[in-house]
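Commentary on secondary and tertiary structure
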Amino acid sequence: MGSDQVWNPIHMKGDDTFLLGFLSSDAYKISFSSSFAIKTLPYELENKYKELLKRFKFISVREKNGQELIKNLIGRKVSITLDPTLMLNRTDWGRLTATCPNKFKQEKYIVLYIQNYAFNPAPYIYELLINLQKETGLKVYSLSHIPSIYQNENTEIMIDASPITFLQVFEGASYVVTSSFHGTAFALNFTVPLFSVVSNKATEDDRQVSLLKSLGLEKCIIKMGMPFKLSEEIIYDKIEVLTRLESLRKESMNYLCDALKVK
């Protein structure tokens, strides 16, 4: 069992399918990079989670809050592993992007990708984008809607992008501005300097923060309301990040091999 927010009760709504509750108590169960995206469980669900999580032989999650939550629930220290999208490296994803013509290869540009189900990054993220665009003079390709007051003649909205186009636009970007965990993940996989916007509150969803801290990229964590520190502040050593990512891939793969009893 493993998926982004697969154990988030807001989405599960008490359904124990995603905790493999339909299997017998002695069935062999593992999880890989499962996610809660919360700090605490609703009181009425605690006993259900405790009972079913205890049945897992191996558990890994993708964020620190999830690790702490499980430790508090069942007293186990579980592994933190990479999101499955990061188990493939830039070369792996490049085999997919090379299957279709790529109109972005000859350009320099900024990518905007917003998800707002955990918190609403507007208008801060649009203001950050406008400032970055003014400083760099680059075109914006947006995979999300942008209000008209934050658009200009050098903005292209691409909310209907295909999966391959989605990958291609990240692959060739000069900068990424995002409030999304997976926007952050793909920027890192393609080693693109990024502004990963997170809530300025003690957020329950720490997936972006956990990932960036594991790579030593705290400077790419942009809390809403922070003064804008643009291009020169979030440049990082690409070789160093790729090396750290590869190390985390190996750790994650070792976990999977152990859990699946693969020698």
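Up top is the structure.
Notes on the structure in this doc start here. (Residues numbered from 1 in each chain as written. Predicted model: local features only at pLDDT ≥ 70, side-chain atom pairs only at ≥ 80, totals over all residues. Heavy atoms only, no water.)

A separate point is the overall build of the chain. When you go through the chain residue by residue, the secondary structure sums to nine helices and eight strands. A globule of 263 residues ought to have a C-alpha radius of gyration of about 18 Å, and the chain, at 19 Å, matches this closely. For the chain, the spread of C-alpha atoms along the three principal axes comes to 60 × 40 × 30 Å. A burial count over the chain gives 51% of its 263 residues as buried. (Helix = DSSP H or I, 4+ residues; strand = E, 2+ residues; numbered from the N terminus. Rg over C-alpha atoms; globule rule 2.2 N^0.38 Å. Buried < 20%, exposed > 50% of the residue type's maximum accessible area, 1.4 Å probe, protein only.)

To continue, consider helix H2 (residues 46-53). Those residues of H2 that fall on the buried side of the exposure criterion are Tyr49, Leu52 and Leu53. The buried residues of H2 occupy an angular sector of 95 degrees when projected down its axis, which confines them to one face. On its buried face, H2 is in contact with helix H1 (9-12) and helix H3 (64-74). (Arc of directions from axis to C-beta. Contact = heavy atoms within 4.5 Å.)

Quick look at the packing of helix H4 (residues 90-97) against helix H6 (residues 163-171) now. The interhelical angle for the contact between H4 and H6, taken along N-to-C directions, is 130 degrees, at an axis separation of 9 Å. Viewed along their axes, H4 and H6 adopt a mutual orientation that is oblique. Judged by the twist between their axes, the crossing of H4 over H6 is left-handed. On H6, the residues that touch Arg90, Trp93, Gly94, Leu96 and Thr97 of H4 are Ile164, Leu167, Gln168 and Glu171. Classifying every residue of the contact of H4 with H6 gives four nonpolar, three polar and two charged. (Axes fitted to C-alpha atoms, helices over the stretch in contact; angles between N-to-C directions. Parallel < 35°, antiparallel > 145°, perpendicular 65-115°, else oblique. Left-handed = near helix turned anticlockwise from the far one by under 90°. Nonpolar A, V, L, I, M, F, W, Y, C, P; charged D, E, K, R; others polar.)

With that settled, consider the sheet that holds strand S5 (residues 155-157). Taking strand neighbours across the sheet as the criterion, the six strands line up as S5-S4-S3-S6-S7-S8 in an open arrangement whose pairing is parallel. Each edge of the open sheet carries a strand with a single partner, namely S5 and strand S8 (221-223). Adjacent strand axes in the sheet meet at a mean angle of 20 degrees when their direction is disregarded. The sheet contact formed by strand S7 (residues 194-198) and S8 spans three bridges and is parallel. Among the inter-strand pairings, Val198 is bridged to a residue of S8, identified as Lys223. Packing of H6 onto the sheet brings it into contact with strand S3 (109-113), strand S4 (139-142) and strand S6 (175-178), and relative to S3 it is tilted by some 130 degrees. (Pairing = 2+ DSSP bridges.)

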